[in-house]
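This is what each chain is made of:
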Amino acid sequence: MGVLPETLAGALAYFFLPAIVFLLVEPYSKNRFVRFHSFQCLGLCLAGLVFGAMLRVAGFALFLIPTLGPLLLLLVSMVVGLGFFVVWVVLIVKAVQGEMFRRPLVGDFAERHTSGT
């Protein structure tokens, strides 16, 4: 089996399972570009889980407000979900273009874990 081009592997890393595989399998585990995008994907997924948990907690409080609470929760959830989707697509495109495009906090996390190799 041949080795994927660096930019393609970087883009595939944003599909979560390939990110984990790329961090464990050589030659991808030694490639700084692929490692960066893999760690950034994992950081983005972690941020998504944190935001999801925060929305769930906020949802309990908002459901005490009849009609408006659930609608507000739905609106905020849709905006946050759309925002994460747009960021995810931008990161994939930037990886295909060969850029190490860093998101605040998540990119710093990826950079710290990439420079260790």
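Structure first, text after, so check above.
This write-up is about the structure you can find in this document. (Residues numbered from 1 in each chain as written. Predicted model: local features only at pLDDT ≥ 70, side-chain atom pairs only at ≥ 80, totals over all residues. Heavy atoms only, no water.)

1. Observations concerning the overall build of the protein
This is how the line gets drawn: Elements are defined by DSSP. Helices are runs of H or I of four residues or more, strands are runs of E of two residues or more, and each kind is numbered from the N terminus. Each radius of gyration is computed over the set of C-alpha atoms, and the globule rule expresses the reference value as 2.2 Å times the number of residues to the power 0.38. Partly exposed residues are those whose accessible area sits between 20% and 50% of the maximum for their type, while under 20% is buried and over 50% is exposed, using a 1.4 Å probe and protein chains only. It only takes one pair of heavy atoms within 4.5 Å for two residues to be counted as in contact. Computed with a 1.4 Å probe, the accessible areas rest on the Shrake-Rupley method; for each residue, only the protein chains presented here act as cover. His is not counted here, nor are the chain ends, while Lys and Arg score as positive and Asp and Glu score as negative. Here the site of a charge means atom NZ of a Lys, CZ of an Arg, CG of an Asp or CD of a Glu.
The number of helices and strands found in the protein is five helices and zero strands. Helices and strands appear in the protein in the N-to-C order α-α-α-α-α. Radius of gyration (C-alpha) of the protein: 17 Å, far over the 13 Å computed for a compact globule of 117 residues. By the burial criterion, 28% of the 117 residues in the protein qualify as buried. When contacts within the protein are restricted to residue pairs at least 6 apart in sequence, long-range pairs at least 24 apart make up 64% of them. Per element, the accessible surface of the protein, about 7,300 Å² overall, is 76% carbon and sulfur. Taking the average place of the 8 positive charges on the side chains of the protein and the average place of its 5 negative ones, the gap between the two points comes to 7 Å.

2. Let's talk about the pattern of salt bridges
The test is simple: Just to be clear on terms, a salt bridge is a Lys or Arg side-chain nitrogen sitting within 4 Å of an Asp or Glu carboxyl oxygen.
Enumeration according to the criterion identifies two salt bridges in this entry. Linking Lys30 and Glu26 is a salt bridge whose minimum nitrogen-to-oxygen distance equals 4.0 Å. Per residue, the accessibility class of Lys30 equals that of Glu26, and both read exposed.

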